[in-house]
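Given next are the chains, with one letter for each unit.
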Amino acid sequence: MPLLKFTVQHGRTPQQIRQLLDSAHAAVVEAFAIPVRDRYQIVNVREPGQVIAMDTGLGIDRSERLVIIEIVSRRRTVAQKQRLYGLLAEYLQRDCGLDPDDLIVSITENEDSDWSFGRGRAQFLTGELV
(Lines give C-alpha, C1' and ligand atoms only; values in the text may rest on other atoms or scores of the structure.)
Protein backbone atom coordinates (compact mmCIF):
# COMPACT_ATOMS: atom_id res chain seq x y z
CA MET A 1 0.00 0.00 0.00
CA PRO A 2 -0.40 2.50 -1.55
CA LEU A 3 -1.95 1.13 -4.73
CA LEU A 4 -0.85 2.88 -7.92
CA LYS A 5 -2.80 2.59 -11.16
CA PHE A 6 -1.08 3.84 -14.30
CA THR A 7 -2.92 4.72 -17.50
CA VAL A 8 -0.78 5.04 -20.63
CA GLN A 9 -1.35 4.81 -24.37
CA HIS A 10 0.00 1.98 -26.51
CA GLY A 11 3.53 2.47 -27.76
CA ARG A 12 5.81 1.86 -24.80
CA THR A 13 7.99 -1.24 -24.65
CA PRO A 14 7.85 -3.60 -21.65
CA GLN A 15 11.21 -2.19 -20.55
CA GLN A 16 9.89 1.40 -20.73
CA ILE A 17 6.84 0.42 -18.68
CA ARG A 18 9.04 -1.30 -16.10
CA GLN A 19 11.24 1.81 -15.82
CA LEU A 20 8.13 3.96 -15.36
CA LEU A 21 6.95 1.66 -12.53
CA ASP A 22 10.38 1.49 -10.90
CA SER A 23 10.87 5.26 -10.97
CA ALA A 24 7.38 5.94 -9.62
CA HIS A 25 7.94 3.41 -6.84
CA ALA A 26 11.20 5.10 -5.86
CA ALA A 27 9.36 8.41 -5.58
CA VAL A 28 6.59 6.89 -3.43
CA VAL A 29 9.09 5.17 -1.12
CA GLU A 30 10.94 8.44 -0.60
CA ALA A 31 7.92 10.75 -0.25
CA PHE A 32 5.75 8.50 1.90
CA ALA A 33 8.57 6.76 3.83
CA ILE A 34 7.19 3.30 3.07
CA PRO A 35 9.10 0.00 2.91
CA VAL A 36 10.59 -0.91 -0.48
CA ARG A 37 8.51 -4.14 -0.62
CA ASP A 38 5.31 -2.13 -0.11
CA ARG A 39 4.67 -2.14 -3.85
CA TYR A 40 1.29 -2.51 -5.58
CA GLN A 41 1.07 -1.26 -9.17
CA ILE A 42 -1.33 -1.83 -12.07
CA VAL A 43 -0.83 -0.65 -15.65
CA ASN A 44 -3.73 0.04 -18.01
CA VAL A 45 -2.68 0.46 -21.64
CA ARG A 46 -5.20 2.30 -23.81
CA GLU A 47 -5.70 2.83 -27.51
CA PRO A 48 -5.24 6.38 -28.83
CA GLY A 49 -8.46 8.29 -28.38
CA GLN A 50 -9.50 6.35 -25.26
CA VAL A 51 -7.98 8.92 -22.91
CA ILE A 52 -8.88 12.60 -23.00
CA ALA A 53 -6.88 14.83 -20.67
CA MET A 54 -7.17 18.53 -21.29
CA ASP A 55 -5.28 21.25 -19.44
CA THR A 56 -7.95 22.65 -17.07
CA GLY A 57 -7.06 26.13 -18.33
CA LEU A 58 -3.41 25.93 -17.21
CA GLY A 59 -1.92 26.12 -20.70
CA ILE A 60 -0.46 22.63 -20.50
CA ASP A 61 0.21 20.88 -23.81
CA ARG A 62 -0.04 17.12 -23.49
CA SER A 63 1.34 14.51 -25.87
CA GLU A 64 0.66 10.86 -26.63
CA ARG A 65 3.21 10.04 -23.90
CA LEU A 66 0.72 11.11 -21.20
CA VAL A 67 0.87 9.15 -17.94
CA ILE A 68 -2.01 9.29 -15.47
CA ILE A 69 -1.28 7.89 -12.01
CA GLU A 70 -4.17 7.20 -9.64
CA ILE A 71 -3.06 6.51 -6.08
CA VAL A 72 -5.18 4.90 -3.39
CA SER A 73 -3.56 5.35 0.01
CA ARG A 74 -3.94 5.75 3.72
CA ARG A 75 -4.03 9.40 4.75
CA ARG A 76 -0.89 11.40 3.99
CA THR A 77 0.11 14.93 4.95
CA VAL A 78 -0.10 17.79 2.49
CA ALA A 79 3.70 18.02 2.61
CA GLN A 80 4.06 14.31 1.73
CA LYS A 81 1.69 14.69 -1.23
CA GLN A 82 3.45 17.78 -2.54
CA ARG A 83 6.81 16.04 -2.18
CA LEU A 84 5.45 13.05 -4.08
CA TYR A 85 4.18 15.19 -6.97
CA GLY A 86 7.59 16.84 -7.29
CA LEU A 87 9.54 13.58 -7.03
CA LEU A 88 7.31 11.84 -9.58
CA ALA A 89 7.85 14.64 -12.08
CA GLU A 90 11.59 14.69 -11.38
CA TYR A 91 12.19 10.92 -11.48
CA LEU A 92 9.97 10.24 -14.49
CA GLN A 93 11.65 13.01 -16.45
CA ARG A 94 15.13 11.86 -15.43
CA ASP A 95 14.59 8.11 -15.89
CA CYS A 96 11.92 7.96 -18.61
CA GLY A 97 12.26 11.24 -20.47
CA LEU A 98 8.68 12.13 -19.52
CA ASP A 99 7.80 15.80 -19.88
CA PRO A 100 6.24 16.96 -16.58
CA ASP A 101 3.34 18.34 -18.68
CA ASP A 102 2.53 14.71 -19.55
CA LEU A 103 2.02 13.66 -15.92
CA ILE A 104 -1.30 13.74 -14.06
CA VAL A 105 -1.50 12.41 -10.48
CA SER A 106 -4.60 11.95 -8.33
CA ILE A 107 -4.64 10.63 -4.76
CA THR A 108 -7.69 9.05 -3.11
CA GLU A 109 -7.36 8.44 0.59
CA ASN A 110 -9.01 5.75 2.67
CA GLU A 111 -8.83 4.24 6.14
CA ASP A 112 -7.10 1.21 7.65
CA SER A 113 -10.33 -0.81 7.55
CA ASP A 114 -10.41 -0.40 3.75
CA TRP A 115 -7.40 -2.69 3.16
CA SER A 116 -6.98 -6.45 3.08
CA PHE A 117 -3.68 -7.77 1.72
CA GLY A 118 -4.84 -11.37 1.69
CA ARG A 119 -5.95 -14.26 3.87
CA GLY A 120 -9.34 -12.59 4.41
CA ARG A 121 -8.02 -10.25 7.09
CA ALA A 122 -7.70 -6.48 7.49
CA GLN A 123 -4.03 -6.50 8.48
CA PHE A 124 -3.93 -2.86 9.62
CA LEU A 125 -6.76 -3.63 12.05
CA THR A 126 -5.41 -6.98 13.26
CA GLY A 127 -1.99 -5.47 13.99
CA GLU A 128 -0.17 -7.59 11.39
CA LEU A 129 0.77 -4.31 9.69
CA VAL A 130 1.30 -0.87 11.19
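Everything quoted here is computed from the prediction, not taken from an experiment.

### Here we look at the overall build of the protein
Here is step 1: The number of helices and strands found in the protein is 3 helices and 4 strands.
Here is step 2: Traced from its N-terminal end to its C-terminal end, the protein shows the element sequence β-α-β-β-α-β-α.
Here is step 3: Its C-alpha atoms give the protein a radius of gyration of 16 Å, within 12% of the compact-globule value 14 Å for 130 residues.
Here is step 4: Over its C-alpha atoms, taken along the principal directions, the protein stretches across nearly 45 × 30 × 25 Å.
Here is step 5: Across the 130 residues that make up the protein, the buried fraction comes to 33%.
Here is step 6: Put simply, of all contacts in the protein between residues at least 6 apart along the chain, 74% involve residues at least 24 apart.
Here is step 7: For the protein, the accessible area works out to roughly 7,800 Å², and carbon and sulfur atoms hold 50% of it.

### Structural notes on the pattern of salt bridges
Here is step 1: Using the criterion set out here, one finds 9 salt bridges in the structure.
Here is step 2: In this structure, Arg 74 and Asp 112 form a salt bridge, with 2.7 Å as the shortest nitrogen-oxygen distance. You can see Arg 74 sitting in strand 3 (residues 67–74) and its partner Asp 112 sitting in the loop between strand 4 (103–110) and helix 3 (123–126), a full 38 residues away along the chain.
Here is step 3: Within this structure, Arg 75, Lys 81, Glu 109 and Glu 111 form a network of salt bridges that share partners.

### Thoughts on the side chain of Asp 102
Here is step 1: Following the sequence through the fold, Asp 102 ends up in the loop between helix 2 (78–96) and strand 4.
Here is step 2: It is Arg 62 that comes nearest to the buried, bridge-free Asp 102 among opposite-charge side chains, at 5.7 Å.
Here is step 3: Setting aside chain neighbours within four positions, we find Asp 102 in contact with Asp 61, Arg 62, Ser 63, Arg 65, Leu 66 and Val 67.

### So, helix 1 (residues 14–32)
Here is step 1: Helix length check: helix 1, at 19 residues, gives a terminal C-alpha distance of 27 Å against a target of 27 Å (1.5 Å per residue), a fit within 8%.
Here is step 2: Looking at the buried positions of helix 1, the neighbouring elements they touch are strand 1 (3–9), strand 2 (40–46), strand 3, helix 2 and strand 4.
Here is step 3: One or two residues past the end of helix 1 sits Ala 33, with phi positive at roughly 55°.

### Things to note about the pairing of strand 4
Each regular strand carries side chains that alternate between the two faces of the sheet.
Here is step 1: Bridge count for strand 3 against strand 4 is 8 bridges, and the pairing is parallel. Each bridged residue has a counterpart across the sheet, and for Ile 69 the counterpart in strand 4 is Val 105.

### Quick word on the environment of Gln 19
Here is step 1: Here Gln 19 shows up in helix 1.
Here is step 2: Between the alpha carbons of Gln 19 and Cys 96 there is a distance of 6.8 Å; along the sequence they are 77 residues apart.
Here is step 3: When neighbours within four sequence positions are excluded, Gln 19 is seen to be in contact with Asp 95 and Cys 96.

### Here we look at the nonpolar core
Here is step 1: If you look at the biggest cluster of nonpolar residues, it comprises 25 residues, and the most contacted ones within it are Phe 6, Val 67, Ile 69 and Leu 84.
Here is step 2: Breaking this core down by element, the ones donating at least two residues are strand 1, helix 1, strand 3, helix 2 and strand 4.
Here is step 3: In terms of residue count, the dominant contributor to this core is helix 1 (9 residues).

Basis of the calculations
Residues numbered from 1 in each chain as written. Predicted model: local features only at pLDDT ≥ 70, side-chain atom pairs only at ≥ 80, totals over all residues. Heavy atoms only, no water. Helix = DSSP H or I, 4+ residues; strand = E, 2+ residues; numbered from the N terminus. Rg over C-alpha atoms; globule rule 2.2 N^0.38 Å. Buried < 20%, exposed > 50% of the residue type's maximum accessible area, 1.4 Å probe, protein only. Contact = heavy atoms within 4.5 Å. Areas by Shrake-Rupley, 256 points an atom, 1.4 Å probe, with all protein chains shown as cover. Salt bridge = Lys/Arg side-chain N within 4 Å of Asp/Glu carboxyl O. Lys, Arg positive; Asp, Glu negative; His and termini not counted. Expected span 1.5 Å × (residues − 1). Pairing = 2+ DSSP bridges. Core = buried A, V, L, I, M, F, W, Y, C linked by side-chain atoms within 4.5 Å.

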